[in-house]
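Fold and geometry: a report
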Amino acid sequence: MGNHPALMRPWEEWLRPGNSADDILITGACSRGSRHTQEGTPCQDAWICLPVHNGGWVIVAADGLSTARHAREGAEMAVQTAGEALARSCSEQQQAGYEPGVLIRQAAGAAHQIILQKAAEQGEHPSSFASTLIIALCIGETVSVGHIGDGIVAGVREGENLILSAPQQGEYANETACLMQHDWEDHLRLGNHELIEACIIATDGCQGAVAVREKGGYQPYDPFITPLLSCGRQRVIAGHDPRPDLAALLLSPRMETLSGDDKTLIIMVHRERPDP
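Residues numbered from 1 in each chain as written. Predicted model: local features only at pLDDT ≥ 70, side-chain atom pairs only at ≥ 80, totals over all residues. Heavy atoms only, no water.

Each helix and strand counted, the protein chain has eight helices and 13 strands in total. Across the 276 residues that make up the protein chain, the buried fraction comes to 56%. In the protein chain, once contacts between residues fewer than 6 apart in sequence are set aside, the share between residues at least 24 apart is 70%. Taken as a whole, the protein chain presents about 11,700 Å² of accessible surface, with 48% of it coming from carbon and sulfur. (Helix = DSSP H or I, 4+ residues; strand = E, 2+ residues; numbered from the N terminus. Buried < 20%, exposed > 50% of the residue type's maximum accessible area, 1.4 Å probe, protein only. Contact = heavy atoms within 4.5 Å. Areas by Shrake-Rupley, 256 points an atom, 1.4 Å probe, with all protein chains shown as cover.)

Rendered as structure tokens:
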């Protein structure tokens, strides 16, 4: 897994401007949380982005569960397998048309099966490779999302910030659904969102910055989302590497106060959209 050219590793992940055939620009960063640093364990987040037809992109993020023995490997396998499966399916079916939710479910299923095989080969229980999973298919102004577990997806429509997919908590405190549950399909939440100008995908180490809990659910936190997207768009369009800014943000005292967990933050913006 470590040599896969498209797999995004901590401190290496940003997509240079001009790599998109359309007006979609994507950048992101990932950092090891202070808790894992203190424990001497590696970052257990992973993410990937892959191009599809008509200038679209597949973005996949996963957070390996801290209780899983092979959390990092499970997260990496999940993002690579799901991302490649979805990109391949979109390209194969572009002429005939397709239902994004069906393809996202199939991609998650492909990742589940590959990890099951890996666990069997190593004589491990599948839960040893457990991770959350967020899949986003971005084509034009449509963002289709598949989501298992915690983490969050926020978006902007007509200048208004909104939550596209909220964190999913388990039955007990600090418990979340994961890809390697036998009933993972019951926990897969699908959504198709139109007229999306920009979006943010974040693992649970960042979700407290993206949204606040109020009014019985998660509400977008505008003071974080709006300047982040504006700055990200300006930096990428200007041809600057946005990684240092995002990395510094993830390691900032404010973010560490919110969570000591690993942090992955990915932003998608449209090149031509005016800043809010």
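This next bit is on unusual backbone geometry. A positive phi angle, close to 50°, is found at Glu-158, a residue other than glycine. Relative to the helices and strands, Glu-158 is located in the loop between strand 7 (152-157) and strand 8 (160-165).

Here we take up the environment of Ile-196. Looking at the element boundaries, Ile-196 is found in the loop between strand 9 (189-193) and strand 10 (198-202). With relative accessibility at 0%, the residue Ile-196 sits in the buried group. For the pair formed by Ile-196 and Val-156, sequence separation is 40 residues and the distance between their alpha carbons is 5.6 Å.

Closest axis-to-axis distance for the helix 2 (residues 71-92)/helix 3 (residues 100-122) pair is 8 Å, and the angle between their directions is 140°. Viewed along their axes, helix 2 and helix 3 adopt a mutual orientation that is oblique. Seen along the crossing, helix 2 lies across helix 3 with a hand that is right-handed. Note on element contacts: helix 3 touches helix 2 through Leu-103, Ile-104, Ala-107, Ala-110, Ala-111, Ile-114, Ile-115, Lys-118 and Gln-122, opposite Glu-73, Gly-74, Met-77, Ala-78, Thr-81, Ala-82, Ala-85, Leu-86, Ser-89 and Cys-90. (Axes fitted to C-alpha atoms, helices over the stretch in contact; angles between N-to-C directions. Parallel < 35°, antiparallel > 145°, perpendicular 65-115°, else oblique. Left-handed = near helix turned anticlockwise from the far one by under 90°.)

Turning to its location among the elements, Glu-124 is positioned in the loop between helix 3 and strand 5 (133-139). Polar contacts involving the side chain of Glu-124 include one to the side chain of His-70, which spans 3.0 Å. A polar contact is formed between the side chain of Glu-124 and the side chain of Ser-128, at a distance of 3.4 Å. Residues contacting Glu-124, with those up to four places away along its chain left out, are Arg-69, His-70, Ala-119 and Phe-129. (Polar contact = N/O pair within 3.5 Å; in protein donor to acceptor, adjacent residues only side chain to side chain.)

To continue, consider helix 6 (residues 222-237). Residues spaced three or four apart along an α-helix face the same direction, because each turn holds 3.6 residues. For helix 6, which comprises 16 residues, the first-to-last C-alpha distance of 22 Å matches the rise-based estimate of 22 Å (1.5 Å per residue) to within 8%. Gly-239, located one to two residues past helix 6, shows a positive phi value of around 85°. (Expected span 1.5 Å × (residues − 1).)

On to the nonpolar core. In this structure, Val-60, Leu-86, Leu-133, Ile-135 and Leu-179 are the most contacted members of the largest nonpolar core, which totals 33 residues. Among the elements that make up this core, the one with the highest residue count is helix 2 (nine residues). Contact partners of Leu-133, with chain neighbours within four places excluded, come to Val-60, Ala-61, Ala-62, Ala-78, Ala-108, Gly-146, His-147, Ile-148 and Leu-179. (Core = buried A, V, L, I, M, F, W, Y, C linked by side-chain atoms within 4.5 Å.)

Before going further, it helps to spend a moment on the pattern of salt bridges. It is possible for side chains bearing opposite charge to pair when their charged atoms get close. A full pass over the atoms with the stated rule returns eight salt bridges. Arg-69 is the partner of Glu-124 in a salt bridge, and the nearest nitrogen-oxygen pair spans 3.1 Å. Residue Glu-124 is located in the loop between helix 3 and strand 5, and its partner Arg-69 is located in the loop between strand 4 (57-63) and helix 2; the two are separated by 55 residues in the primary sequence. The exposure class assigned to Glu-124 is buried, which follows from its relative accessible area of 19%. Connected through salt bridges with shared partners, the residues Arg-35, Glu-39 and Asp-261 form a single ionic network. (Salt bridge = Lys/Arg side-chain N within 4 Å of Asp/Glu carboxyl O.)

The predicted coordinates ought not to be read in detail in places where the model reports low pLDDT. Taken over all residues, the pLDDT of the protein chain has a mean of 86, while the share at 70 or more is 87%. Across residues 1-21 the pLDDT falls below 50, and counting only partners more than four positions away or on other chains, this stretch makes 51 contacts in the model. (pLDDT = per-residue confidence, 0-100.)

A few words now on helix 3. Between its first and last C-alpha atoms helix 3 spans 33 Å; for 23 residues at 1.5 Å apiece the expected length is 33 Å, and the two agree. Turning to helix 3, its buried residues number three or more, namely Pro-100, Gly-101, Leu-103, Ile-104, Ala-107, Ala-108, Gly-109, Ala-111, His-112, Ile-115 and Ala-119. Tucked inside the fold, the buried residues of helix 3 contact helix 2, strand 5, strand 6 (142-148), helix 4 (184-187) and strand 9.

Turning next to the pairing of strand 3 (residues 45-51). Sheet faces and side chains relate simply in a regular strand, where the side chains alternate between the two faces. When you tally the buried positions in strand 3, you get six out of seven residues, the bulk of the element. With seven bridges connecting them, strand 3 and strand 4 associate as antiparallel partners. Residue pairing in the sheet places Cys-49 in a bridge with Ile-59 of strand 4. Where strand 3 folds back on strand 4, the antiparallel hairpin that results is connected by five residues, among which Asn-54 adopts a positive phi of roughly 60°. (Pairing = 2+ DSSP bridges.)

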